[in-house]
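Listed here are the chains, written in short residue letters.
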Amino acid sequence: MPLENAAKLGNVSALAAVVATLLRFRARACVVLACIAAMLCATTNASASQSVQTKTRVWDFSFAEPLNTWLERDASSRLRLENQSNSAELASASPHAARAAPQVGRTVLGKYPDYVNLAESIGARRFNIPTNIWNKMSPAEQWAANQRFLDRAIARGDEFVLSNPVKSIGEATGWFGRELRYLADHGYRLAEDGARMIR
Amino acid sequence: MSEPRETPNHFVEDVVSLAGRYRKQEDLSIYEMLKRTGYPERRGALTIETIRKALAKSSEHLSEWLEYSADKRSSTGWYIREENGRFEVGNVDSSGRLAEQRSYSDLVEACADFIQRELDQIAFE
């Protein structure tokens, strides 16, 4: 159907031509224009819905939940409540809403399990992947996911709290060191207390 | 590394050296590498004692397992860490809390305990 094709393609000129044609038949114009509007709305909603509901696929693993629901976890609702009270925007418990309106917060980095423990106790974000998935990811895939998590925290302007304080970034080893170097490459520096990465 | 090696000694050596070999490559998951040792089929032949003996002979693997544990970013699972001069093995539960902690004065014993628990979780859970 020409109308549907034009709407789906978002071809403005084609739509304008269709509208102009319809205007010649004024008696039916209102009805048909309403149909076009409904069709456009349906297309937009379907597209938005698809982006939210589509299964997240990371490398060779397919998950029922979107990636961001488990890439990071707020350790408690306390942080969310603090964020809500500090933000002029309405915050929702939905991870999708949180994604739509990123809020500055605290993210904990460090060695396992120390960073998990600290994030739980202070109600901060932490990198979090279900164990059975983590074990089936290659190191390259794991770092890609970790990097994405860091990128999101950097974009929010988060402060990074370190569960294992260091005197210098070079002192940190393994993935913890890699995370700190990544932050340093993105404008962060070690705070004087050695327990935070700040801008 | 393709097929599991045949002798029990080789199998145990493949298992205790796993953390170090895993850290030196980028393409294979720990699950895949463990499977290639024949662990799921040969698990019955492995005891804490055989792991402990293999670790005692190759102490370079001890630090590799400590680093492997520190690098984990999974939601739950076993860990090994040094705490005030002792070595703790424990589990992060689904609420993010530390559970089932045991403390060891001997790193070899702690590491053998961690390896067996960690690898059983990877292979069978």
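Keep in mind the model is a prediction, meaning the values are calculated, not measured.

**So, the overall build of chain B**
Here comes step 1: A tally of helices and strands in chain B yields seven helices and three strands.
Here comes step 2: Compactness check: chain B gives a C-alpha radius of gyration of 14 Å against a globular reference of 14 Å for 125 residues, within 12% of the reference.
Here comes step 3: When its C-alpha atoms are laid out on the principal axes, chain B stretches across 40 × 30 × 25 Å.
Here comes step 4: Looking at chain B as a whole, 38% of its 125 residues qualify as buried.
Here comes step 5: A sequence separation of at least 24 residues applies to 60% of the contacts in chain B between residues at least 6 apart.

**Examining unusual backbone geometry**
Here comes step 1: That bond from tyrosine 112 of chain A to proline 113 of chain A is cis: its omega, 5°, falls within 30 degrees of zero.
Here comes step 2: Topologically, proline 113 of chain A is positioned in the loop between strand E4 (106-109) and helix H7 (114-122).
Here comes step 3: A positive phi angle, near 55°, is found at asparagine 84 of chain B, a position not held by glycine.
Here comes step 4: Within the secondary structure layout, asparagine 84 of chain B lies in the loop between strand E1 (77-83) and strand E2 (86-92).
Here comes step 5: The exposure class of asparagine 84 of chain B is exposed, given the 6 C-beta atoms found within 10 Å.

**Remarks on the pairing of strand E3 (residues 98-104) of chain B**
Residues and elements named next belong to chain B.
Here comes step 1: Across the seven residues of E3, zero count as buried, placing the element largely on the outside.
Here comes step 2: Of the strand pairs in this sheet, E2 and E3 are connected by five bridges, and their pairing is antiparallel. The residue of E3 that forms the bridge with glutamate 88 is serine 103.
Here comes step 3: Counting the residues between successive antiparallel strands, the hairpin from E2 to E3 contains five residues, one of them, glycine 96, with a positive phi of roughly 85°.

**Some words on the nonpolar core**
Residue and element names in this part refer to chain B.
Here comes step 1: Counting 57 residues, the largest nonpolar core has Val15, Ile51, Trp65, Ile80, Cys111, Phe114 and Ile115 as its most contacted members.
Here comes step 2: At seven residues, helix H7 (residues 107-124) tops the list of elements feeding residues into this core.
Here comes step 3: Here valine 15 is in contact with Thr37, Tyr39, Leu46, Ile51 and Leu119, once residues within four sequence places are set aside.

**What about the sheet that holds E3 of chain B?**
Residues and elements named next belong to chain B.
Here comes step 1: Spatially, the three strands line up as an open sheet ordered E1-E2-E3, and their pairing is antiparallel. If you trace the sheet from one side to the other, it starts and ends with E1 and E3, each paired once. Each strand of the sheet is rotated relative to its neighbour by a mean of 20°, with strand direction disregarded.
Here comes step 2: In the packing of H7 onto the sheet, contacts are made with E1, E2 and E3, and the angle to E1 comes to roughly 165°.

Calculation notes
- In every chain, residue numbers begin from 1 and rise along the written sequence.
- Key to labels: chains lettered from A, ligands numbered from 1, both in the order written.
- The model is predicted, so local features are restricted to residues of pLDDT at least 70 and side-chain atom pairs to those at 80 or more, both for listing and for counting; the totals for chains, interfaces and linings are taken over all residues.
- Helix and strand labels come from DSSP, where a helix needs a run of H or I of at least four residues and a strand needs a run of E of at least two; each type is numbered from the N terminus.
- Two things to know: the radius of gyration comes from C-alpha atoms, and the globule rule equals 2.2 Å times the number of residues to the power 0.38.
- Exposure criterion: with C-beta atoms placed from backbone coordinates, a residue whose C-beta has 20 or more other C-beta atoms within 10 Å is buried, one with 12 or fewer is exposed, and one in between is partly exposed.
- We call two residues in contact if the C-beta atoms placed from their backbones are at most 7 Å apart.
- We call two strands paired when DSSP finds no fewer than two bridges between them.
- To form a nonpolar core, buried Ala, Val, Leu, Ile, Met, Phe, Trp, Tyr and Cys residues must be joined through C-beta atoms within 7 Å.
- To define axes, lines are fitted to C-alpha atoms, for helices over the stretch in contact only, and angles between the resulting N-to-C directions are given on a 0 to 180 degree scale.

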